[in-house]
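Structural description and commentary
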Amino acid sequence: MTQIAENISATTQKIRALETKYSRSESSVRILAVSKRHSEAKIREAAAAGISEFGENFLQEAEEKIAALTDLKLSWHFIGPVQSNKTRGIAENFDWVQSVERDKIATRLSEQRPDDKPPLNICIQVNLSEEDSKSGTSLEYAQALCELVTKLPRLKLRGLMAIPAPEENFGRQRHCFNLLANEYARLQKLFPEMDTLSLGMSNDFEAAIAEGSTMVRLGTVLFGQRA
Ligand SMILES: *Cc1c(COP(=O)(O)O)cnc(C)c1O
């Protein structure tokens, strides 16, 4: 087994154990492997070990990998900040965009999504830390953005995503995730098509699973340190 295959196996077992520990249904949490700044060869190793969904933050880097890996049936999630001049490349190459935080970006992604592809899956990114430096819309504005996405013809609303400020304390990690989980539960009543709560990274995925995450975005625990 390669190191990456071992990491994937160990992390998957850990996630299954956490589902049990926090009374989550079995396999309700899936792994998005965050492959930014990791090589195509490492992505191939992860795919061989059963991973099919990959997250990338930078359009140019991702375009090269996606083009080189078309022989594998992978699903690609854009998870980095979306600049207006990058929406066309993102709409053409990705299956999901998890980092939609402005009306204008949602509108452009819908306009630029090619007709021969299925609608682009969308998560609204929410800023939980209320720091100006962090990306994401406010909790208050998330509903309006969800409404817009449901009206745009080439987009499909899937859920919410957040990246809290780094925090070592488990209780405070949970508290932060809980704020978003509550909003997700409320919005799901208005938008029943939502099925994705994208929360948790290598250093806080236990707290995220405890609070209801359905997708953990893992880089370092699967691939090791980034170059
Ligand atoms: C880099 C990144 C991750 C993965 O971070 P790790 O700590 O390496 O697991 C997850 N989500 C987003 C949005 C990222 O940019």
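Just above, that's the structure.
Figured I'd write up the structure that's included with this text. Since the structure is predicted, the reported quantities are computational estimates derived from the model, not experimental observations.

Focus: unusual backbone geometry
- Residues other than glycine seldom take positive phi values, yet Ser23 does so here, at roughly 55°.
- Along the chain, Ser23 turns up in the loop between α1 (3-21) and β1 (30-34).
- Judged by its relative accessible area of 70%, Ser23 falls in the exposed class.
- Positive phi values are uncommon outside glycine, yet Ser27 reaches one of about 65°.
- Along the chain, Ser27 falls in the loop between α1 and β1.

Some thoughts on the packing of aromatic side chains
- Inspection of the entire model under this criterion finds 2 aromatic pairs.
- Plain terms: the ring middles of Phe54 and Trp76 are 5.7 Å apart, the flat faces sit at 35° to each other, and that makes the pair tilted. Placement of the pair is Phe54 in strand β2 (residues 53-56) and Trp76 in strand β3 (residues 75-78), with a sequence separation of 22 residues.
- With a relative accessible area of 4%, Trp76 lands in the buried category.
- Centroid distance Phe78 to Phe94: 5.2 Å. Interplanar angle 90°. Geometry classified as edge-to-face. Taken together, the residues span a long stretch of sequence, with Phe78 in strand β3 and Phe94 in the loop between α4 (87-93) and β4 (96-100) at a distance of 16 residues. Per residue, the accessibility class of Phe78 equals that of Phe94, and both read buried.

As for the pattern of salt bridges
- The full count for this structure, using the stated rule, is 11 salt bridges.
- Linking Glu61 and Lys65 is a salt bridge whose minimum nitrogen-to-oxygen distance equals 2.7 Å. Of this pair, Glu61 and Lys65 are both found in helix α3 (residues 59-68), 4 residues apart, which corresponds to roughly one turn of the helix.
- The shortest N-O distance in the salt bridge between Arg172 and Glu167 comes to 3.2 Å.
- Accessibility expressed as a relative area gives 53% for Arg172, which makes it exposed.

Things to note about the nonpolar core
- Residues Phe54, Val97, Leu109, Ile122, Ile124 and Leu160 are the most contacted members of the largest nonpolar core, which totals 62 residues.
- Each residue touching Leu109, except ones within four places of it in the same chain, is listed here: Thr87, Ile90, Ala91, Val97, Val100, Leu120, Ile122 and Leu155.
- Grouped together as the second largest cluster of nonpolar side chains are 7 residues, Leu32, Ile79, Trp96 and Met161 included.

Some words on α1
- Compared with an ideal rise of 1.5 Å per residue, which puts 19 residues at 27 Å, α1 spans 27 Å between its outermost C-alpha atoms and is within 8% of the ideal.
- Taken together, the buried positions of α1 are occupied by Ile4, Ala5, Asn7, Ile8, Thr11, Ile15, Leu18 and Glu19. All buried residues of α1 fall inside an arc of 155° around its axis, so they share one side. Of the exposed residues in α1, the ones pointing more than 90 degrees away from its buried face are Gln3, Gln13, Thr20 and Lys21.

As for the environment of Gly89
- You can see Gly89 is positioned in helix α4.
- Residues contacting Gly89, with those up to four places away along its chain left out, are Leu59 and Glu63.

With respect to the site of the ligand
- Close to the ligand lie Val34, Lys36, Asn57, Ile79, Ile163, Met201, Ser202, Arg217, Leu218, Gly219, Thr220 and Arg226, which account for all nearby residues.
- Interatomic distance of 2.5 Å between a side-chain N/O atom of Ser202 and an oxygen atom of the ligand.
- One of the side-chain nitrogen or oxygen atoms of Arg226 is found 2.9 Å away from an oxygen atom of the ligand.
- Burial of the ligand by the protein amounts to 91% of the accessible area it has alone, namely 390 Å².
- Applying the majority rule of atoms within 2 Å of the grid points places the ligand in the largest pocket.
- Counted by class, the shell around the ligand contains 5 nonpolar, 4 polar and 3 charged residues.

Rules and cut-offs
- Residues numbered from 1 in each chain as written.
- Predicted model: local features only at pLDDT ≥ 70, side-chain atom pairs only at ≥ 80, totals over all residues.
- Heavy atoms only, no water.
- Helix = DSSP H or I, 4+ residues; strand = E, 2+ residues; numbered from the N terminus.
- Buried < 20%, exposed > 50% of the residue type's maximum accessible area, 1.4 Å probe, protein only.
- Phe/Tyr/Trp six-rings, centres within 6.5 Å; stacked < 30°, edge-to-face > 60°.
- Salt bridge = Lys/Arg side-chain N within 4 Å of Asp/Glu carboxyl O.
- Core = buried A, V, L, I, M, F, W, Y, C linked by side-chain atoms within 4.5 Å.
- Contact = heavy atoms within 4.5 Å.
- Expected span 1.5 Å × (residues − 1).
- Arc of directions from axis to C-beta.
- Near = heavy atom within 4 Å.
- Polar contact = N/O pair within 3.5 Å; in protein donor to acceptor, adjacent residues only side chain to side chain.
- Areas by Shrake-Rupley, 256 points an atom, 1.4 Å probe, with all protein chains shown as cover.
- 1 Å grid on protein atoms, 1.4 Å probe; cavity = no way out; pocket = protein on both sides within 12 Å on 5 of 7 lines; lining within 4 Å.
- Sits in = over half its atoms within 2 Å of the grid points.
- Nonpolar A, V, L, I, M, F, W, Y, C, P; charged D, E, K, R; others polar.

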